[in-house]
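# Coordinate inspection notes
Here is how the chains run, residue by residue.
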Amino acid sequence: MNTTLADALFRKELITSSEKENIIREKPISIHWDLRTLLYLGIILTTSAVGIFIYKNIDSIGHDVILIAITLLVIICFAYCFIKSNGYQRTKIIRQEIAADYILLAGCLLLLTLIGYAQFQYNLFGNRWGLALFIPMILLFAAAYYFDHLGVLSLAIVNLAAWAGIAITPTTILQQNNFNEEKIMFTGLALGAILMAMALWSSIKQVKAHFSFTYKNFGIHIFFISLLAILFYYDRIYILIFFALVVCSFFSLSKCN
């Protein structure tokens, strides 16, 4: 492969003879993860640009036009993914084509934008703001399992935490969560335990076993932060804290991948 490429470049006078020899001798370098990183960055920038475009042109374009345009984009993204999908599988799906991964991620981000915008502008769910988080959360979990997408699973977990009243992004986890309230502390404790249980269940039942690391990663961090908050809030529960730490440490070192 290197020889053929070097000969082609040399015939077109794009490289010198010494550079040709270097290409032949050197092993090819994979740029797989470089390209995937750029693609993920492109999806994030594109969906962010959609939000900025809506914000700056909301008065001149009109709410209905914006909602219809986003809805069409979401439908196109999911339709493409369904066409390229081989259906649900319990095990990890090995894809020959990776474009659908990024199109699915774009569709899910646009879906969140669509539901949030519809709720803000038209009060789609009335005063039941929890539905504005619960419905997209269900859709994201379904998409993550059906299309086997770890990025969408992470979005679903973040949505689950938001629905439970916890902000878990790195910049807000300690700023926007009031850990002086018992409700937040024990909600975080329960959410972390649920996510770790999901990790264990996925690993034991072999239902998307490769999802278990993502569940465990989110669950352990939320659980430990909640434990720290409880430790500073209460005075006489050191035995409970110690027991919980031992359980979490054992779980984190287990064979749950």
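No experiment lies behind these values; they were computed from the predicted model shown. (Residues numbered from 1 in each chain as written. Predicted model: local features only at pLDDT ≥ 70, side-chain atom pairs only at ≥ 80, totals over all residues. Heavy atoms only, no water.)

Counting its regular elements, the protein chain contains ten helices and zero strands. Listed by position from the N terminus, the elements making up the protein chain come as α-α-α-α-α-α-α-α-α-α. Taken across its 257 residues, the protein chain has 35% of its residues classed as buried. Of the roughly 16300 Å² of accessible surface on the protein chain, a fraction of 68% belongs to carbon and sulfur atoms. (Helix = DSSP H or I, 4+ residues; strand = E, 2+ residues; numbered from the N terminus. Buried < 20%, exposed > 50% of the residue type's maximum accessible area, 1.4 Å probe, protein only. Areas by Shrake-Rupley, 256 points an atom, 1.4 Å probe, with all protein chains shown as cover.)

Once that is clear, we can look at the side chain of Ser-202. Mapped onto the secondary structure, Ser-202 falls in helix α8 (residues 182-205). Residues within four places of Ser-202 in sequence aside, it is in contact with Tyr-145, Val-207, Lys-208, Ala-209, Ser-212 and Tyr-215. (Contact = heavy atoms within 4.5 Å.)

This next bit is on the packing of helix α6 (residues 129-147) against helix α7 (residues 150-163). Running from amino to carboxyl end, α6 crosses α7 at an angle of 155°, the nearest separation of the two axes being 8 Å. On the basis of their axis angle, the class for α6 and α7 is roughly antiparallel. In the packing of α6 onto α7, the handedness of the crossing is left-handed. On α7, the residues that touch Gly-130, Leu-133, Phe-134, Pro-136, Met-137, Leu-140, Phe-141, Ala-143, Ala-144 and Tyr-145 of α6 are Val-152, Leu-153, Leu-155, Ala-156, Ile-157, Asn-159, Leu-160, Ala-162 and Trp-163. Across the contact of α6 with α7, the residue classes break down as 17 nonpolar, two polar and no charged. (Axes fitted to C-alpha atoms, helices over the stretch in contact; angles between N-to-C directions. Parallel < 35°, antiparallel > 145°, perpendicular 65-115°, else oblique. Left-handed = near helix turned anticlockwise from the far one by under 90°. Nonpolar A, V, L, I, M, F, W, Y, C, P; charged D, E, K, R; others polar.)

Core analysis: the largest hydrophobic core is formed by 38 residues, its most contacted members being Phe-141, Leu-153 and Tyr-215. For this core, the secondary-structure elements that each account for two or more residues are α3 (32-61), α4 (63-84), α5 (99-122), α6, α7, α8 and α9 (212-233). When residues no more than four places from it in sequence are discounted, the contact partners of Tyr-215 are Phe-141, Tyr-145, Leu-153, Ile-157, Leu-195, Met-198, Ala-199 and Ser-202. Among the nonpolar cores identified, the runner-up in size contains eight residues, and Met-185, Phe-223, Leu-227 and Ile-230 belong to it. (Core = buried A, V, L, I, M, F, W, Y, C linked by side-chain atoms within 4.5 Å.)

Moving on: α8. Taking 1.5 Å per residue, 24 residues should reach 34 Å; α8 reaches 34 Å between its end C-alpha atoms and fits that length. Within α8 the residues assigned to the buried category are Ile-184, Met-185, Gly-188, Leu-189, Leu-191, Gly-192, Leu-195, Met-196, Ala-199, Ser-202 and Ser-203. In the segment just after α8, Gln-206 is the residue with positive phi, at about 55°. (Expected span 1.5 Å × (residues − 1).)

A word on the packing of aromatic side chains. Given two aromatic rings, one states the distance between the centres and the angle between the planes to describe the pair. Tallied over the full model, the rule gives five aromatic pairs. Both rings, one in Phe-134 and one in Trp-163, keep their centres 5.3 Å apart while their planes meet at 50°; by these two values the pair is tilted. Of this pair, Phe-134 sits in helix α6 while Trp-163 is found in helix α7, placing the two residues 29 residues apart along the sequence. Taken together, a centroid distance of 4.9 Å and an interplanar angle of 85° make the contact between Tyr-146 and Phe-147 edge-to-face. Here the aromatic residues Phe-82, Tyr-146 and Phe-147 are joined through ring pairs into a cluster of three or more. (Phe/Tyr/Trp six-rings, centres within 6.5 Å; stacked < 30°, edge-to-face > 60°.)

Another point: the confidence of the model for the protein chain. Predicted coordinates in regions of low pLDDT should not be interpreted in detail. Averaged over every residue, the pLDDT of the protein chain is 79; the share at 70 or more is 79%. The least confident element of the protein chain, judged by mean pLDDT, is helix α10 (residues 238-252) at 65; the most confident is α7 at 90. (pLDDT = per-residue confidence, 0-100.)

Moving on: the packing of α7 against α9. At a minimum axis distance of 10 Å, the contact between α7 and α9 shows a crossing angle of 30°. As far as their axial angle goes, α9 and α7 are roughly parallel. Along this stretch, α7 crosses α9, giving a crossing that reads as right-handed. Seen from α7, the contacting residues are Leu-150, Leu-153, Ser-154, Ile-157 and Val-158; seen from α9, they are Thr-214, Tyr-215 and Phe-218. Of the residues belonging to the contact of α7 with α9, the class tally is six nonpolar, two polar and no charged.

Moving on to α9. With 22 residues, α9 ought to run about 32 Å at 1.5 Å a step, and its terminal C-alpha atoms sit 31 Å apart, in line with that. Every buried residue of α9 is listed here: Ser-212, Thr-214, Tyr-215, Lys-216, Gly-219, Ile-220, Ile-222, Phe-223, Ser-226, Leu-227, Ala-229 and Ile-230.

Considering all chains together, one arrives at one salt bridge under this definition. The partner of Asp-148 in a salt bridge is Lys-208, and the shortest N-O contact between them spans 3.7 Å. Residue Asp-148 is found in the loop between α6 and α7, and its partner Lys-208 is found in the loop between α8 and α9; the two are separated by 60 residues along the sequence. Residue Asp-148 shares its accessibility class with Lys-208, and that shared class is buried. (Salt bridge = Lys/Arg side-chain N within 4 Å of Asp/Glu carboxyl O.)

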